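Listed below are the residues making up each chain.
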Amino acid sequence: GNSVTQMEGPVTLSEEAFLTINCTYTATGYPSLFWYVQYPGEGLQLLLKATKADDKGSNKGFEATYRKETTSFHLEKGSVQVSDSAVYFCALLYSGGSNYKLTFGKGTLLTVNP
Amino acid sequence: DAGVTQSPTHLIKTRGQQVTLRCSPKSGHDTVSWYQQALGQGPQFIFQYYEEEERQRGNFPDRFSGHQFPNYSSELNVNALLLGDSALYLCASSSVRAGGSTDTQYFGPGTRLTVL
């Protein structure tokens, strides 16, 4: 079945450091890929998405590129801020046949210190 | 433009009781999905409703049921609550593309259910 594997956290960085959170997936066919962010006590917010191979999603300084050859969708940011502290979830949506659900990774907790 | 809304925000119940959670989708969306997020875990898919019918169901027992209304809003019902049902329940809305696939899902703030 479909699955998502994220690097385990927690990840602790200093402000202005470079961020990478690894995400790889297993899926039949060509899913759409997403990064969602969850701030403490809140629901999930869509951060960025990519719907086909080699697409790059970007938002708020975050980027991720859909790599079909390595089945990966790693999240990067050049300079993190304290306000980026949150849990980040990688997810896939494979809308093939009668499958309409998002499959999530376990999440990666990011803490950015001033 | 209102996003996805959920009510109530928090709920405390005791074992064996029944609970109903509510969700209103984002304007223009016709599909509602429900997810359960246990503490420290990623969300797990419960089911999806489209055209007032359950379109897909995850690995949850029959104690979990739902409904979608003609205005696209939805309810999640859980009967005979167990301690293990304590979680954040998330509603996500989306629209159906031509061909029947589901577009990007947008989440509400969630309902925190505590079962004592």
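See the structure above.
What comes next concerns the included structure. (Residues numbered from 1 in each chain as written. Chains lettered and ligands numbered in written order. Predicted model: local features only at pLDDT ≥ 70, side-chain atom pairs only at ≥ 80, totals over all residues. Heavy atoms only, no water.)

Regarding the overall build of chain B
Our working definition: Put simply, DSSP marks the helices as runs of H or I at least four residues long and the strands as runs of E at least two long, and each gets a number from the N terminus on. A radius of gyration in this sense is built from C-alpha atoms; the matching globule rule multiplies 2.2 Å by the number of residues raised to 0.38.
A tally of regular secondary structure across chain B gives 0 helices and 11 strands. Sequence-ordered secondary structure for chain B, helices as α and strands as β, is β-β-β-β-β-β-β-β-β-β-β. Taken over the C-alpha trace, chain B has a radius of gyration of 14 Å; the compact-globule value for 116 residues is 13 Å, and the two agree within 12%. If you line up chain B on its principal axes, its C-alpha atoms span 45 × 30 × 30 Å.

Digging into the packing of aromatic side chains
What counts here: What counts as a ring pair is set by centres within 6.5 Å for rings of Phe, Tyr and Trp (its six-membered ring), and what kind of pair is set by the plane angle: stacked under 30 degrees, edge-to-face over 60, tilted for all other angles. When accessible area is computed with a 1.4 Å probe and restricted to protein chains, residues below 20% of their type maximum are described as buried, those above 50% as exposed, and intermediate ones as partly exposed. Ring-over charges, as used throughout, are those where CZ of Arg or NZ of Lys falls within 6 Å of the ring centre and within 35 degrees of the ring normal.
A complete count under the given rule lists 12 aromatic pairs over all chains for this structure. Centroid distance Phe104 of chain A to Tyr35 of chain B: 5.9 Å. Interplanar angle 90 degrees. Geometry classified as edge-to-face. Taken as a pair, Phe104 of chain A in strand E11 (residues 102-104) and Tyr35 of chain B in strand E4 (residues 31-37) lie in two separate chains rather than in one. Here Phe104 of chain A matches Tyr35 of chain B in class, with each residue buried. Counting every residue linked through ring pairs, the aromatic cluster contains Phe34, Tyr36, Phe89 and Phe104 of chain A together with Tyr35, Phe45 and Phe107 of chain B. Its guanidinium or amino end placed over the ring of Tyr106 of chain B, Lys26 of chain B lies 5.5 Å from that ring's centre, counting from NZ or CZ. Positioned above the aromatic ring of Tyr100 of chain A is the side chain of Arg55 of chain B, whose terminal nitrogen or guanidinium carbon lies 3.4 Å from the ring centre.

Things to note about the pattern of salt bridges
Applied cut-off: Salt bridge, as used here, is a side-chain nitrogen of Lys or Arg placed within 4 Å of a carboxyl oxygen of Asp or Glu.
This structure, assessed with the given rule, holds 6 salt bridges over all chains. Of the charged contacts in the structure, one is a salt bridge between Asp84 of chain A and Lys77 of chain A, with a shortest N-O distance of 2.7 Å. Note on accessibility: Asp84 of chain A and Lys77 of chain A belong to one class, buried. Note that Asp85 of chain B is salt-bridged to Arg63 of chain B, the shortest N-O span being 2.9 Å. Taken as a pair, Asp85 of chain B in the loop between strand E8 (74-78) and strand E9 (87-94) and Arg63 of chain B in the loop between strand E6 (53-57) and strand E7 (64-68) lie far apart in primary sequence, 22 residues in all. We classify Asp85 of chain B as buried; its relative accessible area is 4%.

Quick look at the interface of chain A and chain B
For clarity, the cut-off: Whether two residues are in contact is decided by their heavy atoms: any pair within 4.5 Å suffices. N or O atoms closer than or at 3.5 Å make up a polar contact, with two conditions inside protein: a donor-capable atom paired with an acceptor-capable one, and, for residues adjacent in sequence, both atoms drawn from side chains. Residue classes follow a fixed rule: Ala, Val, Leu, Ile, Met, Phe, Trp, Tyr, Cys and Pro count as nonpolar, while Asp, Glu, Lys and Arg count as charged, and any other residue, Gly among them, counts as polar.
Taken together, the 20 residues of chain A in the interface contact 23 residues of chain B. Summed over the shared surface of chain A and chain B, the result is 0 salt bridges. If you look at where chain A meets chain B, you find 8 residue pairs in polar contact (both at pLDDT 80 or more). Going through the elements one at a time, strand E5 (32-38), strand E6 (44-50), strand E10 (86-93) and E11 of chain A are the ones with two or more residues in the side of chain A that touches chain B. Of the residues forming the side of chain A that touches chain B, the biggest block, 4 residues, is contributed by E5 of chain A. Residue composition of the side of chain A that touches chain B, grouped by class: 9 nonpolar, 7 polar and 4 charged.

A short note on the nonpolar core
Keep this limit in mind: To form a nonpolar core, buried Ala, Val, Leu, Ile, Met, Phe, Trp, Tyr and Cys residues must be joined to one another through side-chain atoms within 4.5 Å.
With 25 residues, the main nonpolar core has Leu19, Trp35, Leu48, Phe73, Leu75 and Tyr88 of chain A as its most contacted residues. Element by element, the count of residues in this core is highest for E10 of chain A, at 4 residues. In contact with Phe73 of chain A, other than residues within four places in its own chain, are Cys23, Leu33, Phe34, Trp35, Leu48, Lys49, Ala50, Ala64, Thr65, Tyr66 and Cys90 of chain A. One finds Leu21, Tyr49, Phe60 and Cys91 of chain B within the second-largest nonpolar core, a separate group that totals 20 residues.

Details of the state of the cysteines
Joining two cysteines, a disulfide is a covalent bond between their sulfur atoms. The condition that has to hold: In this description, a disulfide is simply a cysteine sulfur pair whose atoms lie within 2.5 Å.
This structure, assessed with the given rule, holds 2 disulfides over all chains. Residue Cys23 of chain A pairs covalently with Cys90 of chain A via a disulfide, S to S 2.0 Å. Measuring the twist about the S-S bond at about -70 degrees, one finds the Cys23 of chain A-Cys90 of chain A disulfide to be left-handed. Of this pair, Cys23 of chain A sits in strand E4 (residues 23-26) while Cys90 of chain A sits in strand E10, placing them 67 residues apart in sequence. The pair formed by Cys23 of chain A and Cys90 of chain A is uniform in burial state, with each residue classed as buried. Disulfide pairing places Cys23 of chain B opposite Cys91 of chain B at an S-S distance of 1.8 Å.

Digging into the side chain of Thr104 of chain B
Turning to its location among the elements, Thr104 of chain B is positioned in the loop between E9 and strand E10 (106-107). Take Thr104 of chain B: its relative accessible area is 4%, and that puts it in the buried class. Polar contacts involving the side chain of Thr104 of chain B include one to the side chain of Lys49 of chain A, which spans 2.7 Å. Polar side-chain contacts of Thr104 of chain B include one of 3.4 Å to the side chain of Asp103 of chain B.

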